[in-house]
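Chains, contacts and geometry: an overview
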Amino acid sequence: MKILITGSAGYIGSCLFEYLKKKHKIYGTDKIIPKIKKQKNFFLCNLLDFNKINNIIKTINPDIVIHLAAQSTLDFIDKKKEYIKNNTYVTKNIVKSMHKNKIKHLIFSSTAAVYKNSNKILTEKSQLRPNNIYGKTKLDCEKLIIDNTNKDNKINFIIFRFFNVCSSLFSLKIGEMHNPETHLIPILSSKFKENKKIFIYGNDFKTKDKTCIRDYIHIEDIVKAFGLGIQYFSKNKKSEIINLGTKKGFSTLSIFNTFQNFYNYKYKKPFFKKRRKGDVDQLICDNKKSYQILKWTPRSSVISKIIDDEKKWVNFFTKKKLIRKTVY
């Protein structure tokens, strides 16, 4: 099967490329060149250029497009135009090209940030009301995909809504390598290893320890979900929206404390900064539908395994003399 991954130079994209390439003919496209491993059949392309991405899709004629490319970091939340361009406009180009070239299957990576802030576990039927530009543009992308699916030119789609994807596929020697890095798990890994001060955004959340609670998913479980999504298309012509979560939440402070079991770290407590605009108190996803539809379970998403695999990844790329800068 021929599969095109947009955003294949990114964290999830590069991991997914390595995971799928033994089973399928994988093509990648991104506006930056992959940093960790070279990708065969890679196309350098800014997806805002419709003619260029359309020519790529026309040339490949993929059976499935997996659309991962997006602006996603809350640390740059004030750059609204960048989110609208890189999320909404790009998705519009992808869908338009798929229609034009009669590509029938799309897997889209969305986020649990499309839901209304709630202390309840979120199902696919929970109220949609994103409170930041990232969630708003992702919801706009979802609507665009749904609204452009019709009987005359039908695209079958799976929309995955997930949140804190983390850790590495260490057996494949691939993992997270943003510059600068803005996500909690890799920042903690780097800071603990280097014995540097750790700053946590916000200690005024409406949670037990006053730090925000998130649902952390191992990248291994995420790529397996995409693999199951590909299998789903071979047997079904029905579109689905599916949460990918563990149904368990961990506070930022509890993650910090768990890291202490893996490192000889000199600082016993983190330092706090003002909470970021757009950060909500709690975000935990129900995963019942993912099992019902795909038989997916997050077996690898145990915090100890997440941290251990991330620690192995940090040690690996450090030995390779690669540098991962952090945003703080």
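Given the structure is predicted, the values throughout are model-derived calculations rather than measurements. (Residues numbered from 1 in each chain as written. Predicted model: local features only at pLDDT ≥ 70, side-chain atom pairs only at ≥ 80, totals over all residues. Heavy atoms only, no water.)

Digging into the packing of helix α5 (residues 184-194) against helix α9 (residues 303-319)
Which entries qualify depends on this criterion: Lines fitted to C-alpha atoms define the axes here, with helix axes fitted over just the stretch in contact, and angles between the N-to-C directions of these axes take values from 0 to 180 degrees. The helix count covers DSSP runs of H or I at least four residues long, the strand count covers runs of E at least two residues long, and both are numbered beginning at the N terminus. Angle categories are assigned with fixed cut-offs, so that under 35 degrees is roughly parallel, over 145 is roughly antiparallel, 65 to 115 is roughly perpendicular, and the rest are oblique. Crossings are classed by handedness, with left-handed meaning an anticlockwise turn of the near helix from the far one by less than a right angle and right-handed meaning a clockwise turn. Residues count as neighbours in contact if any of their non-hydrogen atoms are within 4.5 Å of one another. For this classification, the nonpolar set comprises Ala, Val, Leu, Ile, Met, Phe, Trp, Tyr, Cys and Pro, the charged set comprises Asp, Glu, Lys and Arg, and every other residue, Gly included, is treated as polar.
Interhelical geometry of α5 versus α9 gives an angle of 60° and a closest axis separation of 10 Å. In this view, α5 runs oblique relative to α9, as classed from their interaxial angle. In this structure, α5 crosses over α9, and the sense of that crossing is right-handed. Of α9, the residues touching α5 (which contributes Ile185, Pro186, Ser189 and Lys193) are Ile306, Glu310, Val314, Asn315 and Thr318. Residue composition of the contact of α5 with α9, by class: four nonpolar, three polar and two charged.

Quick word on the sheet that holds strand β14 (residues 282-283)
To keep things clear, this is the line we draw: Two strands are said to pair when DSSP picks up at least two bridges between them.
Spatial strand order, β12-β9-β14: three strands in an open sheet with mixed pairing. One side of each edge strand has no neighbouring strand; the edge strands of this open sheet are β12 (250-251) and β14. Sheet topology places strand β9 (residues 213-214) next to β12; two bridges connect them, and they run antiparallel. Across the sheet, residue Arg214 finds its bridge partner in β12, namely Phe250.

Here we look at the pairing of strand β6 (residues 156-162)
How we decide: Under the scheme applied here, a residue whose accessible area is under 20% of the maximum for its type counts as buried, over 50% as exposed, and between as partly exposed, the area being computed with a 1.4 Å probe on protein chains only.
Across the seven residues of β6, seven count as buried, placing the element largely inside the fold. Burial along β6 is two-sided: Asn156, Ile158, Phe160 and Phe162 and Phe157, Ile159 and Arg161, pointing in opposite directions, are all buried. Two strands pair when backbone bridges link them, and strand β5 (residues 105-111) and β6 are joined in this way by seven bridges, in the parallel orientation. By the bridge assignment, Ser109 is partnered in β6 with Phe160. Both β6 and strand β11 (residues 240-244) contribute to a ladder of five bridges, which runs parallel. What sits directly across from Arg161, in β11, is Asn243.

Things to note about the environment of Gly278
Mapped onto the fold, Gly278 is located in the loop between β13 (271-273) and β14. For Gly278, a relative accessible area of 16% gives the class buried. Between the alpha carbons of Gly278 and Ile33 there is a distance of 30 Å; along the sequence they are 245 residues apart.

Describing unusual backbone geometry
With a phi close to 65°, Asn41 is a non-glycine residue in the positive phi region. Within the fold, Asn41 resides in the loop between β2 (25-30) and β3 (42-44). Among the residues examined, Asn41 registers a relative accessible area of 25% and is labelled partly exposed. Notably, Lys247 is not glycine yet its phi reads approximately 70°, a positive angle. Examined against the element boundaries, Lys247 turns out to sit in the loop between β11 and β12.

Considerations on a nonpolar patch on the surface
We apply this condition: Each patch is built from salt-bridge-free residues with over 30% relative accessible area, joining like charges within 9 Å and nonpolar side chains (Val, Leu, Ile, Met, Phe, Trp, Tyr) within 5 Å. For accessible areas, the Shrake-Rupley method is used with a probe of radius 1.4 Å. Any residue's cover is judged against the shown protein chains and nothing else. Salt bridge criterion: a side-chain nitrogen from Lys or Arg within 4 Å of a carboxyl oxygen from Asp or Glu.
Where nonpolar side chains cluster on the molecular surface, the patch consists of Leu48, Ile84 and Tyr89 and spans about 250 Å² of accessible area. Structurally, Leu48 can be placed in the loop between β3 and α2 (50-60). With a relative accessible area of 32%, Leu48 lands in the partly exposed category.

Focus on the packing of aromatic side chains
Which entries qualify depends on this criterion: By convention, a stacked pair of Phe, Tyr or Trp rings (six-membered ring in the case of Trp) has centres within 6.5 Å and planes under 30 degrees apart, an edge-to-face pair has planes over 60 apart, and any other such pair is tilted. Distance and angle both matter: a charge sits over a ring if NZ of Lys or CZ of Arg is within 6 Å of the ring centre and within 35 degrees of the ring normal.
Enumeration over the complete set of coordinates arrives at 15 aromatic pairs. When the ring of Phe192 is compared with that of Tyr263, the centres are 5.7 Å apart and the planes differ by 40°; the resulting orientation is tilted. One end of the pair, Phe192, is in helix α5; the other, Tyr263, is in the loop between α7 (252-259) and β13, with 71 residues separating them in the sequence. Each ring, one from Tyr267 and one from Phe271, has its centre 6.0 Å from the other, and the planes form 75°; the classification is edge-to-face. A relative accessible area of 21% places Tyr267 in the partly exposed class. Every member of this aromatic cluster is reached through a ring pair, and the members are Phe192, Phe199, Phe256, Phe259, Tyr263, Tyr265, Tyr267 and Phe271. Sitting over the ring of Phe199, Lys273 keeps its end group 5.1 Å from the ring centre. Directly above the ring of Tyr263 sits Lys311, whose terminal nitrogen or CZ lies 4.8 Å from the centroid.

Observations concerning the nonpolar core
Formally: We call a set of buried residues a nonpolar core when its members are Ala, Val, Leu, Ile, Met, Phe, Trp, Tyr or Cys and they connect through side-chain atoms within 4.5 Å of each other.
Counting 32 residues, the largest nonpolar core has Ile66 and Phe160 as the members making the most contacts within it. Going through the elements one at a time, β1 (2-6), α1 (11-20), β4 (64-67), β6, α6 (219-235) and β11 are the ones with two or more residues in this core. Looking at this core element by element, the count peaks at eight residues for α6. Setting aside anything within four residues of it in sequence, one finds Ile66 in contact with Ile3, Leu4, Ile5, Thr6, Leu16, Leu20, Ile107, Phe226 and Ile230. Core analysis: the next-biggest nonpolar cluster, separate from the first, contains 23 residues, Phe108, Leu144, Ile145 and Ile159 among them.

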